[in-house]
Amino acid sequence: MPAKSAAQQKAAGAALSAKRGETPKSALKGTSKSMAESMTEKQLEEFAHTRRKGKPEHVTD
(Lines give C-alpha, C1' and ligand atoms only; values in the text may rest on other atoms or scores of the structure.)
Protein backbone atom coordinates (compact mmCIF):
# COMPACT_ATOMS: atom_id res chain seq x y z
CA MET A 1 0.00 0.00 0.00
CA PRO A 2 1.59 3.31 -1.01
CA ALA A 3 1.82 6.35 1.23
CA LYS A 4 -0.93 8.92 0.74
CA SER A 5 1.10 11.96 1.78
CA ALA A 6 4.69 13.12 1.91
CA ALA A 7 4.56 13.22 5.73
CA GLN A 8 3.45 9.58 5.88
CA GLN A 9 6.26 8.61 3.51
CA LYS A 10 8.86 10.46 5.61
CA ALA A 11 7.62 8.84 8.84
CA ALA A 12 7.83 5.41 7.24
CA GLY A 13 11.39 6.12 6.14
CA ALA A 14 12.41 7.09 9.67
CA ALA A 15 10.71 3.99 11.12
CA LEU A 16 12.38 1.75 8.53
CA SER A 17 15.78 3.20 9.37
CA ALA A 18 15.24 2.44 13.07
CA LYS A 19 13.91 -1.03 12.31
CA ARG A 20 17.09 -1.80 10.34
CA GLY A 21 19.27 -0.47 13.17
CA GLU A 22 20.64 2.48 11.19
CA THR A 23 19.26 5.02 13.70
CA PRO A 24 18.39 4.54 17.37
CA LYS A 25 14.74 3.80 18.17
CA SER A 26 14.92 6.41 20.92
CA ALA A 27 15.25 9.09 18.22
CA LEU A 28 11.78 8.33 16.84
CA LYS A 29 8.78 10.49 17.74
CA GLY A 30 5.03 10.29 17.21
CA THR A 31 3.83 8.45 14.14
CA SER A 32 7.19 7.05 13.13
CA LYS A 33 7.56 5.47 16.57
CA SER A 34 4.19 3.73 16.36
CA MET A 35 4.86 2.67 12.76
CA ALA A 36 8.14 1.03 13.78
CA GLU A 37 6.38 -0.95 16.50
CA SER A 38 3.31 -2.04 14.55
CA MET A 39 4.51 -2.60 10.96
CA THR A 40 6.85 -5.13 9.39
CA GLU A 41 9.99 -4.09 7.55
CA LYS A 42 8.37 -5.03 4.22
CA GLN A 43 5.32 -2.84 4.91
CA LEU A 44 7.52 0.09 5.93
CA GLU A 45 9.59 -0.36 2.79
CA GLU A 46 6.47 -0.12 0.62
CA PHE A 47 5.45 3.14 2.32
CA ALA A 48 8.95 4.63 2.29
CA HIS A 49 9.61 3.89 -1.39
CA THR A 50 6.50 5.67 -2.61
CA ARG A 51 7.18 8.48 -5.08
CA ARG A 52 6.77 11.81 -3.33
CA LYS A 53 6.16 13.88 -6.48
CA GLY A 54 2.56 15.08 -6.61
CA LYS A 55 1.75 14.00 -3.05
CA PRO A 56 0.31 16.55 -0.63
CA GLU A 57 2.35 17.24 2.52
CA HIS A 58 -0.57 16.20 4.75
CA VAL A 59 -3.88 14.51 4.04
CA THR A 60 -7.03 15.44 5.93
CA ASP A 61 -9.85 12.94 6.18
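The shown structure was predicted, so the numbers you read here are calculated from the model rather than taken from an experiment.

A. Examining the confidence of the model for the protein more closely. On average, residues of the protein score 86 in pLDDT, and 97% of them reach the 70 mark or higher. Within the protein, no element has a lower average pLDDT than helix α3 (residues 41-48), which sits at 90, and none a higher one than helix α2 (residues 30-38), at 92.

B. Just the pattern of salt bridges, in detail. According to the stated counting rule, one finds two salt bridges in the structure shown. Put simply, Arg 20 and Glu 41 hold a salt bridge, and the shortest N to O gap is 3.1 Å. Remark: Glu 41 occurs in helix α3 and Arg 20 occurs in the loop between α1 (6-19) and α2; sequence separation between them is 21 residues. For Glu 41, a relative accessible area of 35% corresponds to the partly exposed category.

Rules used throughout
- For every chain, the first residue of the written sequence is number 1, and numbering continues from 1 along that sequence.
- Totals for whole chains, interfaces and linings use every residue, but because this is a predicted model, local features are given only for residues with pLDDT of at least 70 and side-chain atom pairs only at 80 or more, for both listing and counting.
- Side-chain calculation: all heavy atoms of the structure are included, whereas hydrogens and water are not.
- Along the chain, pLDDT gives the predictor's confidence residue by residue, from 0 to 100.
- Secondary structure elements are defined from DSSP: runs of H or I of at least 4 residues count as helices, runs of E of at least 2 residues count as strands, and each element is numbered from the N terminus.
- Basic side-chain nitrogens of Lys or Arg form a salt bridge, by our definition, when they fall within 4 Å of a carboxyl oxygen of Asp or Glu.
- A simple rule labels every residue: compare its accessible area, found with a 1.4 Å probe on the protein chains alone, to the largest value its type can have, and call it buried under 20%, exposed over 50%, or partly exposed in between.

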